[in-house]
Amino acid sequence: MELNGIHLSSLLITLIIVIGSSLYSSRSVKSAQDYSLGGRTAGAPLIAGCIAGTVVGGGATVGTAQLAYSAGLSAWWFTLGSGIAFIIMGLFYARPLRSTGLETIPQYLVLNYGKKAGPIASVISSIGILFSAVASCLPAIQIIAAIFTITPWMAAILLIFLVTAYVFFGGMKGSGISGMLKLGIVWLTLFAAGETAYSALQSMSALEIVFPVYPWFSLFGNGFGAALSNLFSLIVGIICTQTYIQAIFSASDSRTASIGAFTAALVVIPVGLPSIAIAMYMQAAHPPVLPILVLPIYLLQYQPAWLGGVGLAGILLSLIGSIAGLSLGIGTMVAKDLCFELLQIKAEKTLLWINRITVLSVTLTAVLIAILNLKSQVLAWNYLSMALRGSGVFLPLSLAIFAPGRLKKSWAISSMMISTAAAVGCAILRLPLDPLSAGITVSTVIISFGLIRSGQNTETN
């Protein structure tokens with residue numbers, strides 16, 4: 001990955017403009033709520049920018065290309081599934097959640113299942129979100145190290161600095177504004193590059209021999225069961241992620257929240273396709289390439305220098321923005337659910353700095369985990385993250401929204417703890433059962449039993 005002067009100039013100018021916009025927006029942040037929710041004045045574009053700007057990170061760009069390099073079109077499931085999840089969120093979850101006027105998912109669970117549900121949900125969600133941040137740290141460290149020819153540890157330090165500048169001061173508003181700019185850059189550069197890669201593939205002789213229709217051009221190239229499992233994990237994980245729900249809570253009203261979710265879906269779904277075309281072309285033209293660097297290498301070698309530099313900046317910003325948005329979600333839960341509700345810390349300035357320090361701490365932790373696992377696959381961390389944050393929270397949250405009061409507090413809390421433990425156990429022991437399937441199955445059994453018992457008690461009374 002050799003960069004010339006034009007590459008570096010366009011890359012640095014793009015980074016400065018986007019990160020500078022986030023720093024500029026921090027002027028309006030005066031309180032903890034301004035930081036976490038942008039004052040609840042967000043319109044649909046800002047909501048979509050925050051949601052899509054977070055999900056279009058390591059998995060949606062570099063991770064999709066990494067998997068497509070060996071699996072083809074089935075790598076599309078990450079962005080396709082994310083978009084489907086946002087459509088479901090806009091249809092069924094956005095309006096009831098926004099109408100509550102809350103800030104976090106645990107707060108909503110506390111309303112229905114009591115105070116014990118808050119800290120449990122915060123810890124479960126935070127661990128899952130942390131692993132998703134790791135998924136964006138992995139390629140970010142590799143790309144920064146390759147661009148500037150520095151060691152991974154030095155690249156990690158530079159990444160921490162960039163994430164801090166992106167979200168530390170501006171919070172939700174900074175993340176949303178930067179997210180919109182970043183998405184525009186990613187869309188333009190990725191689709192321009194993807195079009196040239198697609199044309200090159202089309203003109204390739206014996207394409208069907210190099211890439212047989214199955215598995216390369218099938219969404220189910222990795223198996224029908226694996227595809228459905230990935231889709232289900234994305235739907236469950238995204239609906240239970242504080243960062244995306246936080247964007248919904250920041251909307252000016254319920255209708256705007258739904259429109260923002262639908263807009264994010266329209267932006268996210270197509271993003272994986274150019275990365276897949278690029279990866280498949282690189283598989284045919286450059287088989288020895290390190291899969292995680294397929295996308296940035298293509299931008300530098302096969303695009304005009306200025307566009308390659310801007311595109312590389314877009315990829316870096318997608319990774320930085322994803323880490324920042326996910327860290328902000330954890331920071332809000334720590335400040336609001338643990339410090340404000342549990343420890344009774346009420347001072348706005350104190351909560352604001354707790355949120356900021358948590359964002360920095362989460363970034364440091366995610367970077368450290370990533371640098372110790374540099375050879376792992378990006379999407380594997382994303383899917384594990386979805387499983388951990390969704391196993392314990394999805395069913396209790398959905399019942400609280402669509403059937404409030406039906407499930408008793410003790411059963412909800414038991415489901416959250418035991419189902420999460422089941423998912424973690426599957427992941428640690430590397431059992432053949434998918435962690436999300438294990439967690440959701442356990443959660444379903446416990447909740448079903450709880451609903452039956454609650455019904456029997458009602459009849460008795």
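Given the structure is predicted, the values throughout are model-derived calculations rather than measurements. (Residues numbered from 1 in each chain as written. Predicted model: local features only at pLDDT ≥ 70, side-chain atom pairs only at ≥ 80, totals over all residues. Heavy atoms only, no water.)

**Points about the overall build of the chain**
And step 1. Looking only at helices and strands, the chain features 22 helices and zero strands.
And step 2. The C-alpha atoms of the chain give 22 Å as radius of gyration, which agrees with the globular expectation for 461 residues (23 Å, within 12%).
And step 3. Dimensions of the chain, computed from the C-alpha atoms along their principal axes, are close to 75 × 50 × 40 Å.
And step 4. In the chain, which comprises 461 residues, the share counted as buried stands at 60%.
And step 5. A fraction of 85% describes how many contacts in the chain between residues 6 or more apart in sequence connect residues 24 or more apart.
And step 6. As displayed, the chain has an accessible area near 17300 Å², and 69% of this comes from carbon and sulfur atoms.
And step 7. Distance between charge centres in the chain, computed from 21 positive and 11 negative side chains, equals 10 Å. (Helix = DSSP H or I, 4+ residues; strand = E, 2+ residues; numbered from the N terminus. Rg over C-alpha atoms; globule rule 2.2 N^0.38 Å. Buried < 20%, exposed > 50% of the residue type's maximum accessible area, 1.4 Å probe, protein only. Contact = heavy atoms within 4.5 Å. Areas by Shrake-Rupley, 256 points an atom, 1.4 Å probe, with all protein chains shown as cover. Lys, Arg positive; Asp, Glu negative; His and termini not counted. Charge placed at Lys NZ, Arg CZ, Asp CG, Glu CD.)

**A word on the environment of Val 62**
And step 1. Relative to the helices and strands, Val 62 resides in helix 4 (residues 59-71).
And step 2. What makes Val 62 buried here is its relative accessible area of 1%.
And step 3. Through-space distance from the C-alpha of Val 62 to that of Ile 87 is 24 Å; in sequence the pair is 25 residues apart.
And step 4. Look past the residues within four positions of Val 62 in its chain and what remains in contact with it is Gly 57, Pro 139, Ile 143, Ile 292, Leu 295 and Ile 315.

**Details of the packing of helix 7 (residues 117-148) against helix 17 (residues 305-342)**
And step 1. Running from amino to carboxyl end, helix 7 crosses helix 17 at an angle of 155°, the nearest separation of the two axes being 9 Å. Classified by the angle their axes make, helix 7 and helix 17 are roughly antiparallel. Considering only the axes of helix 7 and helix 17, their crossing is left-handed.
And step 2. Across the contact of helix 7 with helix 17, the residue classes break down as 20 nonpolar, six polar and one charged. (Axes fitted to C-alpha atoms, helices over the stretch in contact; angles between N-to-C directions. Parallel < 35°, antiparallel > 145°, perpendicular 65-115°, else oblique. Left-handed = near helix turned anticlockwise from the far one by under 90°. Nonpolar A, V, L, I, M, F, W, Y, C, P; charged D, E, K, R; others polar.)

**Concerning the nonpolar core**
In summary, soluble globular proteins display a tendency toward joint burial of nonpolar side chains.
And step 1. Counting 148 residues, the largest nonpolar core has Phe 86, Leu 109, Ile 143, Leu 159 and Met 282 as its most contacted members.
And step 2. With 17 residues, helix 7 is the single largest residue contributor to this core.
And step 3. In contact with Phe 86, not counting residues within four places along its chain, are Ile 51, Val 55, Ile 238, Tyr 244, Ala 261, Ala 264, Ala 265 and Val 268.
And step 4. Cys 339, Phe 340, Leu 351 and Ile 354 belong to the second largest nonpolar core, which has five residues in total. (Core = buried A, V, L, I, M, F, W, Y, C linked by side-chain atoms within 4.5 Å.)

**Topic: the environment of Ala 145**
And step 1. Here Ala 145 shows up in helix 7.
And step 2. With 58 residues separating them in the primary sequence, Ala 145 and Ile 87 have C-alpha atoms 37 Å apart.
And step 3. Leaving out residues up to four positions away in the same chain, Ala 145 has contacts with Ile 150, Thr 151, Pro 152 and Ala 155.

**Focus on helix 14 (residues 254-268)**
And step 1. For helix 14, with 15 residues, the first-to-last C-alpha span of 21 Å sits near the 21 Å given by 1.5 Å per residue.
And step 2. Burial in helix 14 covers these residues: Ser 254, Thr 256, Ala 257, Ser 258, Gly 260, Ala 261, Ala 264, Ala 265, Val 267 and Val 268.
And step 3. For helix 14, the capping residue at the N-terminal end is Asp 253, with a side-chain oxygen 3.2 Å from the backbone nitrogen of Arg 255. (Expected span 1.5 Å × (residues − 1). Polar contact = N/O pair within 3.5 Å; in protein donor to acceptor, adjacent residues only side chain to side chain.)

**What about the side chain of Thr 189?**
And step 1. In this fold, Thr 189 is placed in helix 9 (residues 171-202).
And step 2. A relative accessible area of 5% means that Thr 189 is categorised as buried.
And step 3. Setting aside residues up to four positions removed in sequence, Thr 189 forms contacts with Leu 299, Leu 307, Val 310 and Gly 311.

**Overview of the packing of helix 17 against helix 18 (residues 348-371)**
And step 1. The N-to-C vectors of helix 17 and helix 18 enclose an angle of 135°; their axes lie 8 Å apart at closest approach. When the axis of helix 17 is compared with that of helix 18, the two are oblique. Handedness of the crossing formed by helix 17 with helix 18: right-handed. Residues Ile 323, Ser 327, Leu 328, Ile 330, Gly 331, Thr 332, Val 334, Ala 335, Cys 339 and Phe 340 of helix 17 form the contact with helix 18, whose own contacting residues are Leu 351, Ile 354, Asn 355, Thr 358, Val 359, Val 362 and Thr 363.
And step 2. Its residues assigned to classes, the contact of helix 17 with helix 18 comprises eleven nonpolar, six polar and no charged.

**Things to note about the packing of aromatic side chains**
And step 1. Per the counting criterion, the structure on display carries eleven aromatic pairs.
And step 2. On the basis of an interplanar angle of 55° and a centroid distance of 6.0 Å, the ring pair of Trp 77 and Phe 220 is categorised as tilted. Residue Trp 77 is located in helix 5 (residues 77-98), and its partner Phe 220 is located in the loop between helix 11 (213-216) and helix 12 (224-239); the two are separated by 143 residues in the primary sequence.
And step 3. Classification of Phe 220 as partly exposed rests on a relative accessible area of 29%.
And step 4. Here a set of aromatic residues connected by ring pairs shows up, and it is made of Trp 77, Phe 220 and Phe 224.
And step 5. One residue, Arg 356, lies across the ring of Trp 353, its end atom 4.9 Å from the ring centre. (Phe/Tyr/Trp six-rings, centres within 6.5 Å; stacked < 30°, edge-to-face > 60°. Lys NZ or Arg CZ within 6 Å of the ring centre and 35° of its normal.)

**Focus: a nonpolar patch on the surface**
And step 1. Among the surface-exposed residues, Ile 87, Leu 91, Phe 92, Phe 262 and Phe 402 lie close enough to one another that they form a single nonpolar patch of about 470 Å² accessible area.
And step 2. With respect to the element layout, Ile 87 can be found in helix 5. (Patch = residues over 30% accessible without salt bridge, like charges linked within 9 Å, V, L, I, M, F, W, Y side chains within 5 Å. Salt bridge = Lys/Arg side-chain N within 4 Å of Asp/Glu carboxyl O.)

Function-wise, these values are silent; they only describe arrangement.
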